[in-house]
Amino acid sequence: MTKCIRFHETGGPGVLRLEDVDLGAPGAGEVLIRQTAIGVNYRDIYRREGRHAVEGFPAALGVEGAGVVEALGAGVEGLEVGQPVVAQGGGDGAYAEARIVPAWRTLALPDGISDRVAAAMTVKGMTASYLLRRTCAIEAGDTVLVHAAAGGVGLILCQWAKHLGARVIGTVGTDAKAALAAANGCDHPIVYTREDFAARVREITGGAGARAVYDSVGEATFEGSLACLATRGVLAQFGEASGDPPPVDPRRLGPLGSVFLTHPSLGHYSRTREEFLDLAGSLMDVVRSGAVKIAIGHVYPLADAAEAHRAMAARETTGSVILVP
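Residues numbered from 1 in each chain as written. Predicted model: local features only at pLDDT ≥ 70, side-chain atom pairs only at ≥ 80, totals over all residues. Heavy atoms only, no water.

Peer 1: Just give me the short version of the sheet that holds strand E14 (residues 260-262), but keep the residues and values in it.
Peer 2: Taken in spatial order, the six strands of this open sheet run E11-E10-E9-E12-E13-E14, and their pairing is parallel. Of all strands in the sheet, those bounded by a partner on one side alone are strand E11 (188-191) and E14. Averaged over all neighbouring strand pairs, the angle between strand axes comes to 15 degrees, with direction disregarded. Taken together, the three bridges between strand E13 (residues 229-237) and E14 define a ladder with parallel strand orientation. Along E14, the bridge assignment pairs Ala236 with Thr262. Helix H2 (residues 115-135) rests against strand E12 (210-215), E13 and E14 of the sheet, and its axis sits at about 150 degrees to E13. Contacts from helix H3 (residues 152-163) reach strand E9 (143-146), strand E10 (167-172) and E12, with the element oriented near 170 degrees to E9. (Pairing = 2+ DSSP bridges. Helix = DSSP H or I, 4+ residues; strand = E, 2+ residues; numbered from the N terminus. Axes fitted to C-alpha atoms, helices over the stretch in contact; angles between N-to-C directions. Contact = heavy atoms within 4.5 Å.)

Peer 1: Hey, could you go over the environment of Gly239 for me, with residue numbers and the actual values?
Peer 2: Tracing the backbone shows Gly239 in the loop between E13 and E14. Along the backbone, Gly239 and Tyr46 are 193 residues apart, and their C-alpha atoms lie at a distance of 9.6 Å. When residues no more than four places from it in sequence are discounted, the contact partners of Gly239 are Tyr46, Asp215, Ser216, Val217 and Gly218.

Peer 1: Please provide a residue-by-residue account of the pairing of strand E6 (residues 84-88), values included.
Peer 2: With four of five residues buried, E6 is to be regarded as a mostly interior element. Summarising the sheet, strand E5 (residues 64-72) and E6 pair through five bridges and their orientation is antiparallel. Paired with Val68 across the strands is Pro84, a residue of E6. Bridge analysis of E6 against strand E8 (residues 106-108) gives three bridges, and the strand direction is antiparallel. The partner of Val85 across the bridge, within E8, is Ala108. (Buried < 20%, exposed > 50% of the residue type's maximum accessible area, 1.4 Å probe, protein only.)

Peer 1: Let's hear about the side chain of Gln159: which residues, and what values?
Peer 2: Within the secondary structure layout, Gln159 lies in helix H3. On the accessibility criterion, Gln159 (8% relative accessible area) is buried. A polar side-chain atom of Gln159 sits 2.7 Å from the main-chain amide nitrogen of Lys293. Contact partners of Gln159, with chain neighbours within four places excluded, come to Asn184, Ala291, Val292 and Lys293. (Polar contact = N/O pair within 3.5 Å; in protein donor to acceptor, adjacent residues only side chain to side chain.)

Peer 1: A description of the packing of H2 against H3 should follow, citing residues and the corresponding values.
Peer 2: In contact at an axis separation of 9 Å, H2 and H3 are set at 45 degrees when each is read in the N-to-C sense. It follows from the interaxial angle that H2 and H3 lie oblique. Crossing geometry of H2 relative to H3 is assigned as right-handed. Facing Lys124, Gly125, Thr127, Ala128, Ser129, Leu131, Leu132 and Arg133 of H2, the residues of H3 in contact are Gly152, Val153, Ile156, Leu157, Trp160 and Ala161. Grouping the constituent residues of the contact of H2 with H3 by class yields eight nonpolar, four polar and two charged. (Parallel < 35°, antiparallel > 145°, perpendicular 65-115°, else oblique. Left-handed = near helix turned anticlockwise from the far one by under 90°. Nonpolar A, V, L, I, M, F, W, Y, C, P; charged D, E, K, R; others polar.)

Peer 1: Describe the pattern of salt bridges, and please don't skip the residues or the numbers.
Peer 2: Tallied over the full model, the rule gives 21 salt bridges. The shortest N-O distance in the salt bridge between Asp44 and Arg43 comes to 3.0 Å. According to the relative accessible area criterion, Asp44 is buried, its value standing at 0%. A salt bridge links Asp92 to Arg47, with the nearest nitrogen and oxygen atoms 3.5 Å apart. One end of the pair, Asp92, is in the loop between E6 and strand E7 (98-102); the other, Arg47, is in helix H1 (residues 42-49), with 45 residues separating them in the sequence. Arg47 sits in the buried class, given a relative accessible area of 7%. The structure contains a network of salt bridges with shared partners spanning Arg43, Asp44, Arg47, Glu55 and Asp92. (Salt bridge = Lys/Arg side-chain N within 4 Å of Asp/Glu carboxyl O.)

Rendered as structure tokens:
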């Protein structure tokens, strides 16, 4: 038996329960991992609330965790029992002491990457990788706008975009978060609670706008994000922390400058082992080089997953949030 966070109905953080679950043995192509660190992501909150589909109850949460290989299913190659690894994907269930995952979604941890750092960065860092390298390939001299710049994904995006030679503008909710973003590659932090961020972006860019806007906030920032875009700019709407944006008539995008609107997801950018390794490998490279540093802002015991969700939803956290069994 293993301890696992599950919920029997959608709702607030209080629906989360710590329960005993019988995992069984890994099947063909699978790996059993004894987890030591677990990543918490906003999509977990969406799932708990019912904003993301829940197939049935009881339901589990979490898609990333790091630990040690405890058992291998038939046909698994390249991994060994006792090896430190991180796994991403393979369905929900990472909020647990142990987890069975597909071997192809599992990566051996390289030297210099701890289990906590791996759990804190894998989903967020792979997201940053596809946003900056695939959704809109950022080049030196480009201007990008990062919403929630002091959050887990935001801090990685700011550092990585700066490493690529971009001018980085970020929105944050407080002066303390502005200072944190500035210390992590954000050239122009904007405190959106007292400034019109769209007007500030136009001012900073001399009216040109941003080549890419990376928006995980949703409804509260959506119209301003569209207004920030340069001609043929890209709005990557990859999260909805404030709620879903309103529907958009495609004809609006032409007068705005033939801009592009997309709702990308990590799953669609890591459909194969090759794509998975590309995203994870690029992330490991920039972290090991020191170009991107991972900020673990908050660590909670697994049993306190509900409090972790409450704090994230209340925007009380900065950097990455992890759980430890």
